[in-house]
Amino acid sequence: MGTAGTMLANNQYDVEDVKKLDSRTSVAEVTVDTVLDPHQRAKAERALVWKLDMRLMPMIALVFIMNYIDRTAVTSARLKGMEADLGISDLQYDTVVAILYVSYCPMQVPSNLILNKVTRPSLYIGICVILWGITSALTGITHNYAGIMLCRVFIGLPEAAFYPGAIYLLSRWYTRKELAFRSAILYCGLLISNAFGSLMAAGILGNMEGMRGIRAWRWLFFIEGAITVVVGLMTLFVLPDYPHNTRWLSPAESRLAQVRLAEEAGEADNDGVGDSAWAGLKMAITDVKVLLFMIMTCAQLLGLSFVNFFPTLAGTLGFSTTITLLMAAPPWIFAAVVCLVNALHADKTGERFFHIAGWWWVVMIGYIISLSTMAVGGRYFSMFLMAVGYAGFALTMVWVSNAIPRPPVKRAAAIGLANGFGNIGNLIGSFIWKANWGPQYHQSMAIALCALALSTALSLVIRQILIRENRVLDAQDMMVLRGAKKERVEEYARLEGISFDEAVERKKGFRYLF
């Protein structure tokens, strides 16, 4: 077998040895026994995860920053005369915000099913990023209600590929105990985009009015759209594909990436022969957990729909346009920090319900404060509490991925369904923050508060279902631990110097996180 073969046979390798296998060994030679070597596995796995973290996570977070900056640019443009220039009313503006979700929501399921079948997700996602960047830039040349409506519809189509697609892509690389924190890093892109987008908008709207005879709000779309196109081009080359065909992984790293996910669930992270896109969709829509996740996410996003009107809410504090946009940034920076800390703890504990629903309760407190006072200090403090609600939403699709682990085509459909149907909450939310309900927005906050109460109740039901399913799995494991199997576990416990119960715990198979 040569040097590499001897090294594999003896299971004597370290992280550097794994990297050297790239030029010496085929994928077939890197056996499951090799990558599971308990003495060297941890170091090799840490090296692989670090490599992914340094290449996948920064790129995907950057794309998400531009995703939300482009989507919500219209809310900042409103502050600098967009409505008057286009001749649209308050109701028409609400429709402009909402119409994006008409294309964004239904396209998420087919997009994720396509993503599951394409071999190069880097190309698929990258092209979608470029397309929505171009469409966002074209928004700056619109001159009437029909033009901006058309642009918003076509922004929603390619944007539908990104967030559910990104969560699905992460689930093809990271284990359940790694996924929450990485998804939070991704979602911090949204939170940072709300802060950075406000700062960028403040600079453009405050300094580019009338430059080259063009209104500042038009420059906002031109500049942000152009940046997105550049980011999309970068995505084509930097984003990974799947563990079996990513070009910048060595054969040993590719094998390890596949084995560690298969090991966690007790089966390979691949579709079966009969697992077509239609079969995956059918499996997802007939699973009661998926239906509950869909309704829960819809209620949650209705409760958090203030995000599309955050600059407007900041405007009720009574400051100038530039100061308003600058004041809109700190709550999102604070929310990003909370999001990361929350996800780290969720990964460490494996708990999901309280790490998600608990932040909705904080938002509800924020709404209650805003309902109780119009004082600048109280209202601004409540905006911080409202923003941290997204620390919970950042883990919602992670929980869907944990609860619907296999086969991948079902997981892809479930994520698309939950996020796609869930964003109907944003569509509805576009009409509850009516201008004639301002500046108090009491009715809006009451509706949002009730929606979060509903999402809490549904998430509690999901938690109980997963607890019950884990008990069934426990019973199945105990059925197996009889006769010869039990004797082998007892012998294993004796050799390892641990109790029988500890040995059983180590031998446990897949369990749902709740």
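Residues numbered from 1 in each chain as written. Predicted model: local features only at pLDDT ≥ 70, side-chain atom pairs only at ≥ 80, totals over all residues. Heavy atoms only, no water.

With respect to the packing of helix α4 (residues 41-77) against helix α11 (residues 176-207)
Note the following rule: Here an axis means a line fitted to C-alpha atoms, over the contact stretch when the element is a helix, while the angle between two N-to-C directions is reported on a 0 to 180 degree scale. The numbering of helices and of strands both runs from the N terminus, where a helix is a DSSP run of H or I of at least 4 residues and a strand a run of E of at least 2. Crossing handedness follows the turn of the near helix against the far one: under a right angle anticlockwise gives a left-handed crossing, and clockwise gives a right-handed one. Charged residues are taken to be Asp, Glu, Lys and Arg, nonpolar residues to be Ala, Val, Leu, Ile, Met, Phe, Trp, Tyr, Cys and Pro, and polar residues to be all remaining types, Gly included.
The geometry of α4 relative to α11 is characterised by a closest axis approach of 7 Å and an angle of 40 degrees between their N-to-C directions. As α4 packs across α11, the resulting crossing turns out to be right-handed. Among the residues making up the contact of α4 with α11, the classes are represented as 17 nonpolar, four polar and four charged.

Digging into a nonpolar patch on the surface
The cut-off we apply is this: The patch calculation keeps residues exceeding 30% relative accessible area without a salt bridge and links them within 9 Å when they carry like charges or within 5 Å when they are nonpolar (Val, Leu, Ile, Met, Phe, Trp, Tyr). Only the protein chains shown count as covering a residue, and every accessible area follows the Shrake-Rupley method with a 1.4 Å probe. Salt bridges are defined by distance alone: a side-chain nitrogen of Lys or Arg within 4 Å of a carboxyl oxygen of Asp or Glu. Exposure classes here rest on a 1.4 Å probe applied to the protein chains alone. A residue is buried below 20% of its type maximum, exposed above 50%, and partly exposed in between.
There is a patch of nonpolar side chains on the surface, built from Leu199, Phe319, Ile323, Leu326 and Val376 and spanning about 390 Å² of accessible area. Among the secondary structure elements, Leu326 is positioned in helix α17 (residues 321-327). For Leu326, a relative accessible area of 37% translates into the label partly exposed.

Topic: α4
Note the cut-off: Here the expected span of a helix is defined as 1.5 Å times the quantity of residues minus one. To obtain the bend at a residue, axes are fitted to the seven residues ending there and to the seven starting there, and the angle between these axes is taken.
For α4, with 37 residues, the first-to-last C-alpha span of 52 Å sits near the 54 Å given by 1.5 Å per residue. Of all the bends in α4, the greatest, near 40 degrees, is centred on Arg71. Among the 37 residues of α4, 27 are classified as buried, and the element is accordingly described as predominantly covered.

Section: the packing of α11 against helix α22 (residues 396-403)
Threshold: Just so you know how the angles are binned, under 35 degrees is roughly parallel, over 145 roughly antiparallel, 65 to 115 roughly perpendicular, and the rest oblique. Any two residues whose heavy atoms approach within 4.5 Å at even a single point are treated as in contact.
Across the interface, α11 lies against α22 with an axial gap of 9 Å and an inter-helix angle of 160 degrees. Classified by the interaxial angle, the pair formed by α11 and α22 is roughly antiparallel. Viewed along their axes, α11 and α22 form a crossing whose handedness is right-handed. When α11 is examined against α22, the residues Arg176, Leu179, Ala180 and Ser183 are found in contact with a partner set consisting of Val398, Ser401 and Asn402. The residue makeup of the contact of α11 with α22, split by class, is three nonpolar, three polar and one charged.

Quick notes on the packing of aromatic side chains
Rules: Between the rings of Phe, Tyr and Trp (Trp by its six-membered ring), a pair exists once the centres lie within 6.5 Å; its type follows the angle of the planes, with under 30 degrees stacked, over 60 edge-to-face, and the other angles tilted. We call a charge positioned above a ring when the Lys NZ or Arg CZ atom is no farther than 6 Å from the ring centre and deviates by at most 35 degrees from the ring normal.
For the structure on display, the rule yields 22 aromatic pairs. Measuring from ring centre to ring centre gives 5.6 Å for Phe64 and Tyr68, while their planes differ by 90 degrees; the resulting arrangement is edge-to-face. Of this pair, Phe64 and Tyr68 both sit in helix α4, four residues apart, roughly one helical turn. Across this residue pair, the class does not change: Phe64 and Tyr68 are buried. Taken together, the ring pairs connect Phe64, Tyr68, Trp132, Phe162, Tyr163, Phe306, Phe310, Trp332, Tyr367, Tyr390 and Phe393 into an aromatic cluster. Cation over ring: Arg71 sits above Tyr104, and NZ or CZ is 4.4 Å from the ring centre. The ring of Tyr242 has Arg172 lying over it, and the distance from NZ or CZ to the ring centre is 4.4 Å.

Quick word on the confidence of the model for the protein chain
Fine structural detail should not be taken from predicted coordinates in areas where pLDDT scores are low. Stated formally: As a per-residue measure, pLDDT reflects the predictor's confidence and takes values from 0 up to 100.
Averaged over every residue, the pLDDT of the protein chain is 81; residues scoring 70 or more account for 82%. Element-level mean pLDDT values for the protein chain span from 34 in helix α1 (residues 2-9) up to 94 in helix α15 (residues 288-303). Here residues 1-32 scores under 50 on pLDDT; set against residues more than four positions off or in separate chains, the count is 50 contacts. Within the model, the stretch residues 266-273 combines pLDDT values under 50 with 19 contacts to residues more than four positions away or in other chains.

What about the environment of Ala343?
Structurally, Ala343 is set in helix α18 (residues 329-349). You can call Ala343 buried: its relative accessible area is 0%. Residues Ala343 and Ala180 lie 163 residues apart in sequence; the distance between their C-alpha atoms is 5.4 Å. Ignoring sequence-local partners within four residues, the contact set of Ala343 consists of Ala180, Phe181, Ala184 and Leu395.

With respect to the pattern of salt bridges
What the rule picks out here adds up to eleven salt bridges. Glu159 is the partner of Arg71 in a salt bridge, and the nearest nitrogen-oxygen pair spans 3.0 Å. Pair noted here: Arg71 is in helix α4 and Glu159 is in helix α9 (residues 145-159), with a separation of 88 residues, a long-range link. Each member of the pair Arg71 and Glu159 is classed as buried. When the shortest N-O distance is used, the salt bridge between Asp287 and Lys289 registers 3.3 Å. Among the charged side chains, a salt-bridge network with shared partners connects Asp287, Lys289, Lys410 and Glu469.

Considering the nonpolar core
Note the cut-off: Buried residues of nine kinds, namely Ala, Val, Leu, Ile, Met, Phe, Trp, Tyr and Cys, make up a nonpolar core once their side-chain atoms join them within 4.5 Å.
Counting 146 residues, the largest nonpolar core has Phe306, Trp332, Tyr367 and Tyr390 as the members making the most contacts within it. With 17 residues, α4 is the single largest residue contributor to this core. Each residue touching Phe306, except ones within four places of it in the same chain, is listed here: Leu313, Trp332, Val363, Tyr367, Met386, Ala387, Tyr390 and Trp433.

Side note on the environment of Glu469
Mapped onto the fold, Glu469 is located in helix α25 (residues 442-480). On the accessibility criterion, Glu469 (22% relative accessible area) is partly exposed. When the C-alpha positions of Glu469 and Arg511 are compared, they lie 8.5 Å apart, and in sequence the two are 42 residues distant.

Looking at unusual backbone geometry
Of note, the phi angle at Arg212 is positive, near 55 degrees, even though the residue is not glycine. Its place among the elements puts Arg212 in the loop between α11 and α12 (216-238).

A short note on the state of the cysteines
We count it as follows: Any cysteine sulfur atom paired with another within 2.5 Å is treated as part of a disulfide.
Here the structure, examined in full by the defined rule, presents zero disulfides. This cysteine, Cys105, is not joined by any disulfide, and Cys298 carries the nearest cysteine sulfur, 8.4 Å off. The exposure class assigned to Cys105 is buried, which follows from its relative accessible area of 7%.

Regarding helix α23 (residues 408-422)
Compared with the 21 Å implied by 1.5 Å per residue over 15 residues, the 21 Å span of α23 between its first and last C-alpha is a close match. In terms of residue burial, α23 counts as a mostly covered element, since 14 of its 15 residues are buried.

Some thoughts on the side chain of Arg152
Inclusion rule: Positive charges come from Lys and Arg, negative ones from Asp and Glu, while His and the chain ends are left out of the count. Identification of polar contacts relies on pairs of N or O atoms within 3.5 Å, with a donor-acceptor requirement for protein atoms, meaning one able to donate a hydrogen and the other able to accept it, and with residues adjacent in sequence counted only if both atoms are side-chain atoms.
Along the polypeptide, Arg152 turns up in helix α9. Look at Arg152: it is buried, it has no salt bridge, and the nearest opposite charge is Glu159 at 7.1 Å. Among the polar contacts made by the side chain of Arg152, one reaches the main-chain carbonyl oxygen of Arg71 at a distance of 2.8 Å. Of the polar contacts made by the side chain of Arg152, one reaches the backbone oxygen of Val97; its length is 3.4 Å. Once residues lying within four places of it in the same chain are set aside, the contact partners of Arg152 are Asp70, Arg71, Val74, Val96, Val97, Ile99, Leu100 and Ser103.

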